[in-house]
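What the coordinates show
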Amino acid sequence: MQSHKFFGFLAVIIIFNFGTSCFAQSAVNYTTRIMVGDKQTYSSASEFSMQGDVVNRTVSYYDLSKKLIRKEASQYKTRPLELISLKLEDYRSGSLQTVQKQSNVYVIKQRKTASESLSETTVNAPGVFSASVMVQLLQQRFDALAQGKEQKFEIVVASRSMTVEMLATKERTETIHGVACVVVKAEPSSMIYRALAEPSFLYLEQAAPHRLIHYKGILPLPDDKGGQLNGTTISTY
């Protein structure tokens, strides 16, 4: 198993999934610059709407010519935090992934290219979070993280139809882009998986609602040929 193939699942999903325990205040539209080194390679725009305790989120990804190349549409509950549905489509390759929560099961359908048929799998989900709401989970546990208490939780990795236990820990505090943040390291708890994958670093705003300000690690989408990119993201609210 190659490290970028395994750990890419986390980077692809978490970077733009923004939320907190105070969703009425935090579910606001924002844009993100996606950087490789000092150069911007892509951008994204996130839009939210709310119906009671249910959030509808759309994330649109663009290349430098502002062409739409990828879109994610998801719906999730805030209390308790739970994914309802997700659709992720890449218009360059034709890849498609859908996730639907049905009772204690996640139903996953996916293909890698437009010419492929959709495969369908299920993953048992009692007590398991969807990776697509992992940032929201970290924000709900922000106080414990800020106090140095490590957080473990299990997530379903839709691209691999499996579950993985994750470990989140506070690395340090840092002011970045003029915002005081707690830097959280997220990685699999298994030493075997850690050897195959590099961690991600999420810069969560110290002040409520603990927005995701900056990210460092594997980037949330591949390049035009499907290759992995490492870099940073910068969000503007």
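Every value quoted in this text rests on a predicted model; they were computed, and no experiment measured them. (Residues numbered from 1 in each chain as written. Predicted model: local features only at pLDDT ≥ 70, side-chain atom pairs only at ≥ 80, totals over all residues. Heavy atoms only, no water.)

1. Quick notes on the confidence of the model for the protein chain
What counts is decided by this rule: Values of pLDDT, the confidence the predictor places in each residue, fall between 0 and 100. Contact criterion: two residues are considered in contact whenever any of their non-hydrogen atoms come within 4.5 Å of each other.
Taken as a whole, the protein chain shows an average pLDDT of 87; of its residues, 89% reach a score of 70 or greater. Within the model, pLDDT remains below 50 along residues 1-25, and this stretch shows 102 contacts once partners closer than five positions in the same chain are excluded.

2. Quick look at unusual backbone geometry
Note the following rule: Note on conventions: DSSP H or I runs of at least 4 residues are helices, E runs of at least 2 residues are strands, and numbering of each starts at the N terminus. The classification of residues rests on relative accessible area computed with a 1.4 Å probe and restricted to protein chains. Under 20% of the type maximum is buried, over 50% is exposed, and intermediate values are partly exposed.
That bond from arginine 79 to proline 80 is cis: its omega, -5°, falls within 30 degrees of zero. Inspection of the secondary structure assignment puts proline 80 in the loop between β4 (68-78) and β5 (81-90). Phi angles above zero are rare outside glycine, and lysine 66 is one such case at about 70°. Mapped onto the elements of the fold, lysine 66 is located in the loop between β3 (54-62) and β4. A relative accessible area of 71% places lysine 66 in the exposed class. One non-glycine residue, histidine 210, lies in positive phi territory at about 60°. Positionally, histidine 210 belongs in the loop between β13 (200-205) and β14 (212-218).

3. What about the packing of aromatic side chains?
Defined as follows: Two aromatic rings from Phe, Tyr or Trp, using only the six-membered ring of Trp, form a pair when their centres are within 6.5 Å; if the ring planes differ by under 30 degrees the pair is stacked, by over 60 it is edge-to-face, and anything between is tilted. To sit over a ring, a charge needs its Lys NZ or Arg CZ within 6 Å of the ring centre and within 35 degrees of the ring normal.
On inspection of all chains with the given rule, the structure shows 2 aromatic pairs. What links up through ring pairs into an aromatic cluster is the set Tyr30, Phe48 and Tyr237. Taking NZ or CZ as reference, lysine 101 lies 5.2 Å from the ring centre of tyrosine 106, over its face. The residue whose ring lies beneath arginine 211 is tyrosine 237, and the NZ or CZ to ring-centre distance is 4.7 Å.

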